[in-house]
Amino acid sequence: MNINNLDIGQKVKVLKIEGRGAEKRLFEIGIMEGAELQLITRHPFKGPLVIKVGNANVALGRSIADKVKVEAV
Amino acid sequence: MKIIAIGNPNVGKSAVLNRLTGSQIFVSNYAGTSVETCKTKMIIAGREFYIYDTPGVYSIFSVADEARVVRELLEEEQADIILNIVDASNLERNLVLTNELLTLGKPLIILLNQIDMVRSLGMNIDVKLLAQRLGCLVIPFSATSGEGFFEFIKTMEEYIGPKNISKTDHNDKNRKTYTINLNSEHNCSGNCFRCSDHTGDCMSEADLQRAEEARRTSKMVSKRVSARQKMRLDKIERIYDRPVLGSFLLLIIAYLGFYTLLKFIDLSEGPINMLLHPLGLFIETFIENILPVGWLSSIFAKAIPEGLIIPFTIIMPAMLVVGFFMAILEDTGLLPRYSVALERVGSLFGFSGQGIIPLAIGFGCRTPAIVASRIMPNQAQRFIVVTLLSIVIPCSATLGVLAAVIAAFNASLPVIIGTMLLVFAILSSILSRLIPREEYIYELPPLRVPLISNVINKTNMRFTGFFTEVLPLLLVMNIGIRMLMDSGALEYFRGMDGFSRALFGIPAEALVAVLITIFQRYLAPIVLINLPLTSREATIAIAMIALSLPCLPAIVMTIRELGLKNLVKIIAMGLATSFTVGFLLNLLLP
Ligand SMILES: Nc1nc2c(ncn2[C@@H]2O[C@H](COP(=O)(O)OP(=O)(O)O)[C@@H](O)[C@H]2O)c(=O)[nH]1
Ligand SMILES: [Mg+2]
């Protein structure tokens, strides 16, 4: 499961981040293995997602969101 | 004594320094406000402390520009203390950076900023335990309320006094210190910039350990003590989080902004003109009295009063309204929400959604818009936006004058607008092909109630440029243009007439007007209006002017923000665009 498939408001835990590239940028902003996330908004027409990490809201483009594999908590 | 303030983006570094030192650094509620370092001074117990404000970084080992700036500052300036400014309401992530700073082996003081936010979230942070775990001083602080100010002063007094914190804390057993060489290879501790980051896209073992440590510490010291206060802002934030409704509200706000701008210019024009008229007459008589009668006197007497009109009636109100509106959008945290809502639209043109913000501001005035382009995620994307701003987007002053000239010559409005839209689409898609797009990752700030003092302060700081840069520049230019026209110098360009007519279908003087846009785009139409042009010639000339070079204030700003090299590229593209447009329109128009 990746964060693109979540329901709005669903809380999940990050399993792993696939593929290289933005891994480090995601890590810096707090999205890493074991981090807890919540989906806040999904913009239409394949627009960005807004995700809550800790007490911060982070907007992610779909292509990068696809790489974040999660499991339900 | 040198102190370097370091922290994540948008934690309140600038606000803290303003509070501590009384400096007036720009404070805005979104990540990426400041890209330069800035030095402030405060005197404690008779000693001078220099505190450096730095751009926000998530990690000092990051490949981002901001982190490079911070590393360079750490290497260049032998800092006595590092002041780590932490957003207490988002402790875990902030502590990752703290853990990095701890390994630098320099005296470290932690300002736990936004402690007021922590309380309204119903949380409590055990400051003593945190200090113990990190092995350094932790001071709870709030830049908005001033809480913690005296404790900071006291700490500093102790630091320079007999009881030295670098002695007591630095050797704390709990604290692991490594000597990190930020860039050099000597004395490598296995923990330096090179070891931490080889390729820029993967994490080292040390990175993961620091993150794990931050998670543990944050869990240990934070406790929920009461229910989260239901703030009105929370509710509003949730509305803006709704994708359709939120975007709709953002559009309404933008529309209201433009409407206010136009209405304000419209309403203020009468009264301003009423004040300007006697002033103009006074200046005219004054000049005629002090200068001997002749060519110079008549030029100045005419050009100066004339040159006051457009700056005061159009540009001054535009700068005020746009400045105020921008300040509100920035301080509430709405500005970055546009970027998210419009990400899709932007990507059609090849830039991230953030690009819409500076482009929209450009319709007011390009100079603040170029500053606002800082919201773009990287330099390459900024370059696209600034290029589009410089070449295509007409500012309010340009729009007004273009409309007047179009009406005067009965030029074809659909042709001109169509050409501009087409150039925008073509130019942006070419640029985005050349420049790789990055993945979209952007931290949204919480919505906040703007501080009135901050809004006024910012509007004011942005407006001072009107009297010191814009007005003098425009006056001088206007005098120059008047001289050029009255002296008959334009006649000399007659020689180019054949060339100009063959290529672009316009007379040589009109071509000169196009070249004048480099100084100030709205001055070019003033030249045109004095020429006998047909409707077809006017259409081509106006289209060439509308799609040409940035004006002088924009040029100055571009050099400051992007450097001379990029400016040269933009100017070359502007000239190429303008000439191509003229050439093609001449071929295509009947
Ligand atoms: N509630 C609250 N807001 C703060 C505090 N400090 C800063 N802010 C707000 O946080 C935002 C970011 O501040 P700024 O100084 O520009 O952050 P910087 O990017 O770290 O320099 C602004 O909207 C400030 O008004 C604080 O202690 N409490
Ligand atoms: Mg700042």
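Calculation notes
- Residues numbered from 1 in each chain as written.
- Chains lettered and ligands numbered in written order.
- Predicted model: local features only at pLDDT ≥ 70, side-chain atom pairs only at ≥ 80, totals over all residues.
- Heavy atoms only, no water.
- Helix = DSSP H or I, 4+ residues; strand = E, 2+ residues; numbered from the N terminus.
- Rg over C-alpha atoms; globule rule 2.2 N^0.38 Å.
- Buried < 20%, exposed > 50% of the residue type's maximum accessible area, 1.4 Å probe, protein only.
- Contact = heavy atoms within 4.5 Å.
- Areas by Shrake-Rupley, 256 points an atom, 1.4 Å probe, with all protein chains shown as cover.
- Lys, Arg positive; Asp, Glu negative; His and termini not counted.
- Charge placed at Lys NZ, Arg CZ, Asp CG, Glu CD.
- Near = heavy atom within 4 Å.
- Polar contact = N/O pair within 3.5 Å; in protein donor to acceptor, adjacent residues only side chain to side chain.
- Nonpolar A, V, L, I, M, F, W, Y, C, P; charged D, E, K, R; others polar.
- Domains from an automatic or database assignment.
- Buried area = accessible area lost by both parts, 1.4 Å probe.
- Salt bridge = Lys/Arg side-chain N within 4 Å of Asp/Glu carboxyl O.
- Pairing = 2+ DSSP bridges.
- Patch = residues over 30% accessible without salt bridge, like charges linked within 9 Å, V, L, I, M, F, W, Y side chains within 5 Å.
- Core = buried A, V, L, I, M, F, W, Y, C linked by side-chain atoms within 4.5 Å.
- Axes fitted to C-alpha atoms, helices over the stretch in contact; angles between N-to-C directions.

J.: Can you help me understand the overall build of chain A in this one?
T.: Each helix and strand in chain A was counted, giving 2 helices and 5 strands. Start at the N end of chain A and walk to the C end: the helices and strands fall as β-α-β-β-β-α-β. Taking 73 residues into account, the globule formula puts the C-alpha radius of gyration at 11 Å, and chain A, at 11 Å, falls close to it. The principal-axis extents of the C-alpha atoms in chain A amount to approximately 25 × 25 × 20 Å. When the 73 residues of chain A are sorted by exposure, 55% land in the buried category. Looking at chain A alone, contacts between residues at least 24 apart form 56% of all its contacts between residues at least 6 apart. By element, 48% of the accessible surface of chain A is carried by carbon and sulfur atoms, the whole surface being about 3,100 Å². Taken as two groups, the 12 positive and 8 negative side-chain charges of chain A have centres that lie 5 Å from each other.

J.: Any chance you could explain the overall build of chain B here in plain terms?
T.: The helix and strand inventory of chain B stands at 26 helices and 9 strands. A burial count over chain B gives 55% of its 590 residues as buried. Contacts in chain B between residues far apart in sequence, at least 24 positions, make up 76% of those at least 6 positions apart. Of the roughly 26,000 Å² of accessible surface on chain B, 64% is carried by carbon and sulfur atoms.

J.: What exactly am I supposed to notice about the site of ligand 1 here?
T.: Residue and element names in this part refer to chain B. Taken together, 18 residues lie near ligand 1, and K13, S14, A15, A143 and T144 sit nearest. A distance of 2.8 Å separates an oxygen atom of ligand 1 from a polar side-chain atom of S14. Backbone polar atom of A15 to an oxygen atom of ligand 1: 2.7 Å apart, as the coordinates give it. A total of 590 Å² of accessible area belongs to ligand 1 in isolation, and the protein chains cover 94% of it. Looking at the shell around ligand 1, the elements that each hand over two or more residues are α1 (13-21) and α4 (115-120). Top element by residues in the shell around ligand 1 is α1. It accounts for 3 residues. Its residues placed into classes, the shell around ligand 1 shows 5 nonpolar, 10 polar and 3 charged.

J.: Could you clarify how one ought to interpret the domain arrangement of chain B in this entry?
T.: Interfaces are frequently sized by the accessible area removed from exposure as the parts join. Residues and elements named next belong to chain B. In terms of domain boundaries, chain B breaks down into domain 1 (2-224) and domain 2 (243-441 + 454-588). Each side of the interface is counted separately: domain 1 has 12 residues, and domain 2 has 14 residues. Interface area, domain 1 with domain 2, both sides summed: about 1,100 Å², of which 50% is carbon and sulfur. Ranking the residues of domain 1 by area buried against domain 2 places F26, N29 and Y30 at the top, with a combined share of 51%. The interface formed by domain 1 and domain 2 includes 0 salt bridges. Where domain 1 packs against domain 2, one counts 7 residue pairs in polar contact (both at pLDDT 80 or more).

J.: What exactly am I supposed to notice about the interface of chain A and chain B here?
T.: Taken residue by residue, the interface counts 37 residues in chain A and 34 residues in chain B. Taking both partners together, chain A and chain B bury about 3,000 Å²; carbon and sulfur atoms supply 57% of that area. The largest per-residue losses of area from chain A upon contact with chain B belong to K24, R25 and E28 of chain A, which jointly make up 23% of the total buried on that side. If you look at where chain A meets chain B, you find 1 salt bridge. Note that K24 of chain A is salt-bridged to D207 of chain B, the shortest N-O span being 3.5 Å. One can count 9 residue pairs in polar contact (both at pLDDT 80 or more) joining chain A with chain B. Secondary-structure elements contributing two or more residues to the side of chain A that touches chain B are α1 (23-28), β2 (36-42), β3 (49-53), β4 (56-60) and α2 (62-65) of chain A. In terms of residue count, α1 of chain A provides more of the side of chain A that touches chain B than any other element does, 6 residues in total. Class assignment of the residues belonging to the side of chain A that touches chain B gives a composition of 17 nonpolar, 11 polar and 9 charged. Two elements, β4 of chain A and strand β9 (residues 441-444) of chain B, share 4 bridges in a ladder whose sense is antiparallel. Looking at β9 of chain B, one finds that N57 of chain A is bridged to L444 of chain B.

J.: I'm lost on a nonpolar patch on the surface in this one. Help?
T.: Residue and element names in this part refer to chain B. A contiguous nonpolar patch, built from I239, L245, F248, I252, Y255, L256 and Y259 and spanning about 680 Å² of accessible area, is present on the exposed surface. Looking at which element gives the most residues to the nonpolar patch, the answer is helix α11 (residues 243-290), with 6 residues. By secondary structure assignment, the location of I239 is in helix α10 (residues 232-241).

J.: In this structure, what is going on with the nonpolar core? I would like to understand it.
T.: Nonpolar side chains in soluble globular proteins generally cluster together in the buried interior. Residues and elements named next belong to chain B. Core analysis: the biggest nonpolar cluster contains 109 residues, and F466, L528 and I542 have the highest contact counts within it. A total of 16 residues in this core trace back to one element, the largest contributor, which is helix α12 (residues 295-332). Setting aside residues no more than four positions away along its own chain, F466 makes contact with P311, F312, I315, M316, M319, L471 and P472.

J.: Teacher, can you tell me more about the sheet that holds strand β3 (residues 47-53) of chain B here?
T.: Within a sheet, neighbouring strands are paired by backbone hydrogen bonds and run either parallel or antiparallel to one another. Residue and element names in this part refer to chain B. Here we have 6 strands laid out as an open sheet, ordered β2-β3-β1-β4-β5-β7, and mixed in their pairing. A single partner strand is all that each edge strand has here, and the edge strands are β2 (38-44) and β7 (137-140). For this sheet, the mean angle separating the axes of adjacent strands, direction not counted, is 25 degrees. One ladder, built from 6 bridges, connects strand β4 (residues 81-87) with strand β5 (residues 108-113); its direction is parallel. Bridge assignment links D87 to a residue of β5, and that residue is N113. Sitting on the sheet, α1 is in contact with β1 (2-7), β2, β3, β4 and β5, with an inclination near 160 degrees to β3. Its contacts with the sheet put helix α2 (residues 65-76) on β1, β3 and β4, and the angle it makes with β1 is roughly 160 degrees.

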